[in-house]
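Breakdown of the fold
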Amino acid sequence: MQVRTFKGWDDHKQPGWLEIDLVAHCGGRLEGRFIWTLVATDIATGWSESLPVITRDGASVLAAIQRLRQQLPFPLRGIDADNDPAFMNALMEQWCDAPEQGIELTRSRAYQSNDQAWVEQKNGVLIRRVVGYERLVGLEAAQVLAELYAALRLFTNLFQPSFKLKSSVREGGRIKRLHHPPRTPLQQLLRTGVLGEQEAADLRELRQRCDPVALLATMRSCQSRLALLISGQHANAMAGDPLAWKSPEEEKRELERFLQGLQALWRQSRPMQKKPKPRQGRRSRVDPFEVHAALIPQWLEAEPDVGSQELLERLIALAPERYGPQHKRTLQRRIRDWRVARVQQALERAADRPEPKPWTEEGVLPSVN
């Protein structure tokens, strides 16, 4: 089976190439039975689908993928999964390799989560931020999740725009990223031109019929029912059946507690920014100013206030094939380090110099000639 890395999507510009993953609703305890969520993200458009899975086995996951395929507005061309046995099994391989399917099945490298960066990002934005990390068990919770995901897929794919990377260019030590204007997954899909006129018209009509405010209300209602299930104070949370809350105040209180927990858990789950490692005193790259390493301090000694742009122009005039605008930032750091060293040297000389005596032994000020 082919292994696909995070750089393996450059040649796949058409919709239908999906990254898939499973998200556990285990509440921090993997023992026992609990619900999983199958998440799929299209690489070209960002179109995302989510489905609850009651049991984590190959047959249940394959059934969820087959149902997900029916919901997609474009043909399924390829599936990229991790090394989970729920995906990497003979049943999945036989289904993908069947002549009537024509689906390419690939996998990521072991212990390399960045290979599935597209779907991993959706795991946090679509699942953890909306459902949280609590433990969900049973058919009732699965039905509530299915109703929640049905509203979430419409709200996310039809109304929620996002940026898509256009190009990435390195300028010296920095990376400059350019993005396309923000578009919804539906707009991205329509721009690809793979849909027929009738299919595109049906999707536009679907967007006209959907009300984002009503979809948000449905999502809030499902979150209320999940809060009820999590708290253990329920009689029947089946779809369409009234919930047995003790009072409207209790329903509001449980929902607020559930949403506050989502916000707190989402903040805690964000990766911490790594502190930059201190320099070890050795360069990892070749010094671009090695040839003129002695000339730059001479210029600075003669003209301490000279700017980096003027010095760079002098260097370009000396060696235009060696220097360019990309060296300006490095030169600025070199000038800053030189000036800091000069200040430190001046302070050290001032500390070593003996203090002058303001009074003579006779107790009068010395004369000034």
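Computed from a predicted model, the values in this text were never measured in an experiment.

**Describing helix 9 (residues 295-302)**
Considered for burial, the residues of helix 9 that qualify are Ile296, Trp299 and Leu300. The buried residues of helix 9 occupy an angular sector of 95 degrees when the element is viewed end-on, so they sit on one face. Exposed residues pointing more than 90 degrees away from the buried face of helix 9 are listed as Gln298 and Ala302.

**Quick look at the packing of helix 5 (residues 185-192) against helix 6 (residues 197-209)**
Axis separation between helix 5 and helix 6 bottoms out at 11 Å; the angle between their running directions is 160 degrees. One element, helix 5, and the other, helix 6, form an angle in the roughly antiparallel class. Along this stretch, helix 5 crosses helix 6, giving a crossing that reads as left-handed. Contact residues: Leu186, Leu189 and Leu190 in helix 5; Ala200, Leu203, Arg204 and Arg207 in helix 6. By residue class, the composition of the contact of helix 5 with helix 6 is five nonpolar, no polar and two charged.

**Things to note about the packing of aromatic side chains**
Scanning the model with the defined rule gives two aromatic pairs in all. Taken together, a centroid distance of 5.6 Å and an interplanar angle of 15 degrees make the contact between phenylalanine 289 and tyrosine 323 stacked. With phenylalanine 289 in the loop between helix 8 (248-269) and helix 9 and tyrosine 323 in the loop between helix 10 (308-318) and helix 11 (328-352), this residue pair connects regions lying 34 residues apart in the sequence. The exposure class assigned to tyrosine 323 is buried, which follows from its relative accessible area of 4%. Between the NZ or CZ atom of arginine 56 and the centre of the ring of tryptophan 36, over which it lies, the distance is 5.0 Å. The ring centre of tryptophan 299 lies 5.4 Å from the NZ or CZ of arginine 314, which sits over that ring.

**Details of the packing of helix 9 against helix 10**
Geometrically, a packed helix pair is captured by the angle between its two axes and the distance between the axes. One way to put it is that helix 9 packs onto helix 10 with a least axis distance of 12 Å and a crossing angle of 140 degrees. Between helix 9 and helix 10, the interaxial angle falls into the category oblique. With respect to the hand of their crossing, helix 9 and helix 10 are arranged in right-handed fashion. Residue-level inspection shows Leu295, Ile296, Trp299 and Leu300 of helix 9 in contact with helix 10, the latter providing Leu311, Arg314, Leu315 and Leu318. Classifying every residue of the contact of helix 9 with helix 10 by side-chain character gives seven nonpolar, no polar and one charged.

**Digging into the layout of surface pockets**
Its volume calculated, the largest pocket comes out at about 1200 Å³. Forming the walls of the largest pocket are 36 residues, and the residues nearest its centre are Ile43, Trp118, Phe163, Lys164 and Leu165. Every element with two or more residues in the lining of the largest pocket is listed here: helix 3 (117-128), strand 6 (165-171) and helix 5. Among the elements that line the lining of the largest pocket, the one with the most residues is helix 3, at six residues. Here the residues of the lining of the largest pocket are counted per class, giving 12 nonpolar, 14 polar and 10 charged.

**Describing the pattern of salt bridges**
A full pass over the atoms with the stated rule returns 12 salt bridges. Here glutamate 31 ties to arginine 29 by a salt bridge, and the two come within 3.7 Å at their closest N and O atoms. The partly exposed category is assigned to arginine 29, whose relative accessible area is 41%. A salt bridge links glutamate 49 to arginine 153; the nearest nitrogen and oxygen atoms lie 2.7 Å apart.

**Details of the side chain of glutamine 101**
Residue placement: glutamine 101 occurs in the loop between helix 2 (90-97) and strand 5 (104-107). Beyond its immediate stretch of four places on either side in the chain, glutamine 101 contacts Arg69, Trp95 and Cys96.

**With respect to empty space enclosed by the protein**
The final tally for this structure, using the stated rule, is one cavity of 30 Å³ or more. By volume, the largest cavity amounts to about 50 Å³. Lining of the largest cavity is provided by Ser48, Glu49, Ser50, Leu126, Tyr149, Leu152, Arg153, Thr156 and Asn157. Every element with two or more residues in the lining of the largest cavity is listed here: strand 3 (48-53) and helix 4 (138-159). If you tally residues by element for the lining of the largest cavity, the top one is helix 4, at five residues. Tallied by class, residues from the lining of the largest cavity come to three nonpolar, four polar and two charged.

What counts, and where the lines are drawn
- Residues numbered from 1 in each chain as written.
- Predicted model: local features only at pLDDT ≥ 70, side-chain atom pairs only at ≥ 80, totals over all residues.
- Heavy atoms only, no water.
- Buried < 20%, exposed > 50% of the residue type's maximum accessible area, 1.4 Å probe, protein only.
- Helix = DSSP H or I, 4+ residues; strand = E, 2+ residues; numbered from the N terminus.
- Arc of directions from axis to C-beta.
- Axes fitted to C-alpha atoms, helices over the stretch in contact; angles between N-to-C directions.
- Parallel < 35°, antiparallel > 145°, perpendicular 65-115°, else oblique.
- Left-handed = near helix turned anticlockwise from the far one by under 90°.
- Contact = heavy atoms within 4.5 Å.
- Nonpolar A, V, L, I, M, F, W, Y, C, P; charged D, E, K, R; others polar.
- Phe/Tyr/Trp six-rings, centres within 6.5 Å; stacked < 30°, edge-to-face > 60°.
- Lys NZ or Arg CZ within 6 Å of the ring centre and 35° of its normal.
- 1 Å grid on protein atoms, 1.4 Å probe; cavity = no way out; pocket = protein on both sides within 12 Å on 5 of 7 lines; lining within 4 Å.
- Points joined across faces, edges and corners; volume = space filled by probe spheres on them.
- Salt bridge = Lys/Arg side-chain N within 4 Å of Asp/Glu carboxyl O.

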